[in-house]
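Residues per chain, in single letters:
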Amino acid sequence: MRQNPSFAMTDVGEIRRLIDRHPWVTLVGQGDDGLVASHYAVMLDDQRDDLTIVGHVGKPDDAILGLGDRELLVVVQGPHGYVTPRWYGDVPAVPTWNFVSAHLSGIPEILTPDENLRVLERLVERFEGDADDARTLYALPNDATFVERLERGTVGFRLTPTRVTAKRKLSQNKSAEVVETIVAGLSVQHPELAGEMRRAEDARGRA
């Protein structure tokens, strides 16, 4: 991802927030036959306060991606949407696309079976939520034997990125008046993106 200093996102807390809110990522690796991409959910490592993530892949994706042996690129895609030149007013303009995204690269560490089980359990708990009928990993009719067999079909990993590129392209190069017009225009179809623009504008105002 080509970086632009005006749009660079360097605050670790903001990148962690992006990962937490958008856990469905693209994993890109160099396979034996060329580039290969897979899609999985990841989480921040709850034992760390940096950008370390944990997750798992189903076999044989671990071999296809060269997990643990080769560099892995994790693409985190946040909210994004089309920006029409109508919102710029009566001036020469072309459309663009606003977005928030991060690329994390590094060679992942393969988790032990016990560590992988813990990550699997955390993933289920995270997305099941706290509803009365939430079904956790070990809830009946599942039992330990079933869960352990499930774990053997997956490979858990921990990635502490050695390279991070994060970008928040949210019309920061436009006037506050134009930003307000864009936010209003995006609010119906892309409310999360509009919220991110508001957040970026507030941060710029405090700087």
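Anything mentioned here points back to the structure above.
Note that the coordinates shown come from a computational prediction; the quantities given were computed from them, not determined experimentally.

**Focus on the overall build of the protein**
When helices and strands are counted, the protein shows 6 helices and 8 strands. Its helices and strands taken in sequence order, the protein reads α-β-β-β-α-β-β-β-α-α-β-β-α-α from the N to the C terminus. Overall, the protein is about 65 × 45 × 30 Å in size when its C-alpha atoms are taken along their principal axes. Here the protein, with 207 residues, has 43% of them falling under the buried criterion. Of all intrachain contacts in the protein linking residues separated by at least 6 positions in sequence, the fraction that spans at least 24 positions is 71%. Total accessible area on the protein stands at roughly 11,400 Å², and carbon and sulfur atoms take up 51% of it. Counting 24 positive and 32 negative side-chain charges, the protein places the averaged centre of each group 6 Å from the other.

**Remarks on the pattern of salt bridges**
In total, this model carries 14 salt bridges according to the counting rule given. Taking the shortest distance from any N to any O, the salt bridge between E14 and R168 comes out at 2.9 Å. Taken together, the residues E14 in helix α1 (residues 12–21) and R168 in strand β8 (residues 163–169) connect sequence positions 154 residues apart. Residue R168 is classed as buried on the basis of its relative accessible area, which comes to 13%. Between D46 and R122 there is a salt bridge whose closest N-O contact spans 3.6 Å. One end of the pair, D46, is in the loop between β2 (34–44) and β3 (53–58); the other, R122, is in helix α3 (residues 113–128), with 76 residues separating them in the sequence. Where salt bridges share partners, they join D45, E109, E115 and R158 into one cluster.

About the thresholds
Residues numbered from 1 in each chain as written. Predicted model: local features only at pLDDT ≥ 70, side-chain atom pairs only at ≥ 80, totals over all residues. Heavy atoms only, no water. Helix = DSSP H or I, 4+ residues; strand = E, 2+ residues; numbered from the N terminus. Buried < 20%, exposed > 50% of the residue type's maximum accessible area, 1.4 Å probe, protein only. Contact = heavy atoms within 4.5 Å. Areas by Shrake-Rupley, 256 points an atom, 1.4 Å probe, with all protein chains shown as cover. Lys, Arg positive; Asp, Glu negative; His and termini not counted. Charge placed at Lys NZ, Arg CZ, Asp CG, Glu CD. Salt bridge = Lys/Arg side-chain N within 4 Å of Asp/Glu carboxyl O.

Honestly, it's all geometry; don't read function into it.
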